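A look at the structure
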Amino acid sequence: MFRELRRKKKAISLEAAKELLASSRRGMLAVNGDDGYPYAIPINYLYDDEQQKIFFHSAGAGYKVESLIKSDKVCFTVYGDEMIKDEDWAPYVQSVVVFGRCRPIKDNDVAMAALKNFAMKYYPTEQMVVDEIRHAGRAVQMFEILVEHISGKQVQEK
């Protein structure tokens, strides 16, 4: 159902793709927007390899949420791990593309647990996470992307 990379020599292993997905701090979420136009926005997220899900938070309303209600199919992309190899000046960069289905987490206990795990990636202490959730947690809608396909590649930027 999902296309294979055309230039297979540039592919990175599934393990390397998952490592980049787990370690990156931001990615681009693309949804099906109005009139057939894609809508892509940068988001903070948490990748859970065990559950094969990506979690992110949002307001409960807005263009992104309206688009997700119309179509749950999404594409999520991260890039990074830039490196310069000794023999060449131009950097190499890796990217990961994920296709999946996105839905709001309706169960409040599950949503708050997901929010806490998500926030632990970005806040320096658990106490700060607990305080922030107590302060603003009710205004947050958690979403999960059920991962259907992951591919990654490395290219040299020259």
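That block above? That's the structure.
One structure accompanies this document, and this report is about it. Predicted model only: the values in this text are computed from it and were never measured.

Parameters at a glance
- Residues numbered from 1 in each chain as written.
- Predicted model: local features only at pLDDT ≥ 70, side-chain atom pairs only at ≥ 80, totals over all residues.
- Heavy atoms only, no water.
- Pairing = 2+ DSSP bridges.
- Helix = DSSP H or I, 4+ residues; strand = E, 2+ residues; numbered from the N terminus.
- Buried < 20%, exposed > 50% of the residue type's maximum accessible area, 1.4 Å probe, protein only.
- Arc of directions from axis to C-beta.
- Contact = heavy atoms within 4.5 Å.
- Core = buried A, V, L, I, M, F, W, Y, C linked by side-chain atoms within 4.5 Å.
- Salt bridge = Lys/Arg side-chain N within 4 Å of Asp/Glu carboxyl O.
- Phe/Tyr/Trp six-rings, centres within 6.5 Å; stacked < 30°, edge-to-face > 60°.

This part covers the pairing of strand E2 (residues 38-44). Where strand E1 (residues 26-32) meets E2, seven bridges bridge the pair, whose relative direction is antiparallel. Paired with Ala-30 across the two strands is Ala-40, which belongs to E2.

Among all positions of helix H2 (residues 63-70), only Lys-64, Val-65, Ser-67 and Leu-68 are buried. Along the long axis of H2, the arc covered by the buried residues comes to 160°, so they all point the same way. Of the exposed residues in H2, the ones pointing more than 90 degrees away from its buried face are Ile-69 and Lys-70. Next to the buried residues of H2 lie E1, E2, strand E4 (53-58), strand E5 (73-83), strand E6 (92-104) and strand E7 (141-156).

So, about unusual backbone geometry. Within the chain, Asp-35 stands out as a residue other than glycine whose phi angle is a positive 55°. Taking relative accessible area as the criterion, Asp-35 reaches 76% and is therefore assigned exposed. Phi angles above zero are rare outside glycine, and Gln-52 is one such case at about 55°. If you trace the backbone, Gln-52 turns up in the loop between strand E3 (46-48) and E4. By relative accessible area, which is 26% here, Gln-52 ends up partly exposed.

Counting residues in each nonpolar core, the largest one holds 36 residues, and the members touching the most others are Leu-21, Leu-29, Tyr-45, Ile-54, Phe-56 and Phe-76. For Ile-54, the contacting residues outside a window of four places in its chain are Leu-21, Tyr-45, Leu-46, Tyr-47, Phe-76, Val-98, Phe-143, Glu-144, Ile-145 and Val-147.

Overall, the coordinates contain eight salt bridges when judged by the stated rule. Between Glu-144 and Lys-53 there is a salt bridge, and its shortest N-O distance comes to 3.1 Å. Remark: Lys-53 occurs in strand E4 and Glu-144 occurs in strand E7; sequence separation between them is 91 residues. For Arg-101, the salt bridge goes to Glu-148, with nearest N and O atoms at 3.8 Å. Residue Arg-101 is found in strand E6, and its partner Glu-148 is found in strand E7; the two are separated by 47 residues along the sequence. Take Arg-101: its relative accessible area is 31%, and that puts it in the partly exposed class. On the accessibility criterion, Glu-148 (40% relative accessible area) is partly exposed. The network of salt bridges with common partners includes Lys-53, Arg-103 and Glu-144.

Below, the discussion takes up the packing of aromatic side chains. Within this structure, the stated rule accounts for five aromatic pairs. Seen from their ring centres, Phe-2 and Phe-99 are 5.3 Å apart, and the 25° between their planes marks the pair as stacked. Of this pair, Phe-2 sits in the segment before helix H1 (14-23) while Phe-99 is found in strand E6, placing the two residues 97 residues apart along the sequence. Look at Phe-99 and you get partly exposed, because its relative accessible area is 30%. Ring geometry for Phe-118 versus Tyr-122: centroids 5.2 Å apart, planes at 45°, classification tilted.

A residue is classified by how much of its surface remains accessible, and Lys-53, at 15% relative accessible area, is buried. Non-local contacts of Lys-53, meaning those with residues more than four positions away in its chain, are made with Leu-46, Tyr-47, Asp-48, Arg-103, Glu-144, Ile-145, Leu-146 and Val-147.

Structural measurements only, silent on function.
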